[in-house]
Structures are given as C-alpha cells and as structure tokens.
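# Fold and contact review
Spelled out from the first residue to the last, the chains are:
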Amino acid sequence: MSVAGETDSNPMARWSVGGVFLEALANRDYERMAMTLALGVRFRAMLPPGPMEWEGPDAVADAFSSWFGAAHDFELVDAAVGEVGGRLHLSWRLRVRPAPFGIGPGWHVIEQQAYADAAETIDALDLLCSGFRPCD
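Conventions adopted
Residues numbered from 1 in each chain as written. Predicted model: local features only at pLDDT ≥ 70, side-chain atom pairs only at ≥ 80, totals over all residues. Heavy atoms only, no water. Helix = DSSP H or I, 4+ residues; strand = E, 2+ residues; numbered from the N terminus. Contact = heavy atoms within 4.5 Å. Polar contact = N/O pair within 3.5 Å; in protein donor to acceptor, adjacent residues only side chain to side chain. Buried < 20%, exposed > 50% of the residue type's maximum accessible area, 1.4 Å probe, protein only. Pairing = 2+ DSSP bridges. Phe/Tyr/Trp six-rings, centres within 6.5 Å; stacked < 30°, edge-to-face > 60°.

On to unusual backbone geometry, then. Each neighbour pair has its own omega, and for Arg-97 with Pro-98 the value is -15 degrees, a cis peptide bond. Within the fold, Pro-98 resides in the loop between β4 (87-97) and β5 (108-118). The phi dihedral of Arg-28 falls on the positive side, at around 50 degrees, and the residue is not glycine. When you line up the elements, Arg-28 lands in the loop between α1 (11-26) and α2 (30-35).

In structure tokens:
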C-alpha cells in the first residue's frame, strides 16, 4: 500500500521480510532471523530494565536468542505484519516456560511491538517490550 509522496517502489518486500522474520522467531531459527537483517542493522529496544541498542545482524539475533533460546517450552500465540506511515510494523505475543534471567519457572507471556525501516532486508528495528509477565 502506498501513500502519496512515498518513494518506496516495492512495499511488498517489506511485508515479505517481516513475515520471514516472524517465521524465524516462531521457530527460534536465529540464523535465519539474521539473514533478514541488513549488515548495518541498528536495533533499539525499550525493555523493562531500560533502553538497549545493538548493531549488526548477529548481535540482533543473539539478543533474541538470549531472551527466548533457552526456554524449554515456547509458543507463538499471535503475530502480525503491517505498515504505519511507510514503516513496517511487526507484533508478536509469546508464551515461554521457564522465563529467562531467573524470572520464574511457570508460564510467562511476553508481547513485543516493533517498527522497522525495511526493503529487501531490515535496516533498522525499534522495539517496545512488555516484559515477561506470569500467566497460567
């Protein structure tokens, strides 16, 4: 979908790379996730402890792996790809057990919203995180 004055000639590429990113997350395939990211990707995240920033596809994939890679149980509850003002919008909700960082042994839900500058790959990613919340 194009907006008057927008210069992107291939908006579907953004949606496609967003879908591949979410599929990689759902499968905890961090190598594939890194392949959706540009070499100079910048990742900024507002996390419960505070803001964090990473650069490069391996560093970004490693951040996601540190959050979700060690969970024994991992479920993608919901995910969406969209667009807001020319930026790719990605959102997902996960259930994990146990939560990382000593948060607790039971099920936890986490929701993240991300906005990306993307074409064939993701050049920049800005994320807001709910934190790991206990759930049944």
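Past the structure itself, the notes keep going.
What follows deals with the environment of Asp-117. With respect to the helices, strands and loops of the structure, Asp-117 is situated in strand β5. Along the backbone, Asp-117 and Met-46 are 71 residues apart, and their C-alpha atoms lie at a distance of 17 Å. Setting aside residues up to four positions removed in sequence, Asp-117 forms contacts with Arg-87, Ile-122, Asp-123 and Ala-124. Among the polar contacts listed, one links the side chain of Asp-117 to the side chain of Arg-87, at a separation of 2.9 Å.

Where a strand is regular, its side chains alternate between the two sheet faces. Counting buried positions over the 11 residues of β4 gives eight, a clear majority of the element. The pairing of strand β3 (residues 73-84) with β4 spans 11 bridges and is classified as antiparallel. Directly across from Asp-78, in β4, lies its bridge partner Arg-93. What sits between β3 and β4 in their antiparallel hairpin is a turn of two residues, with Gly-85 showing a positive phi close to 55 degrees. Examined bridge by bridge, β4 and β5 share nine bridges and lie antiparallel to one another.

Taken as a whole, this structure holds 12 aromatic pairs when the rule is applied. With 5.0 Å between their ring centres and 25 degrees between their planes, Phe-43 and Trp-54 make a pair best called stacked. Residue Phe-43 is found in strand β1 (residues 37-47), and its partner Trp-54 is found in strand β2 (residues 50-55); the two are separated by 11 residues along the sequence. We classify Phe-43 as buried; its relative accessible area is 0%.

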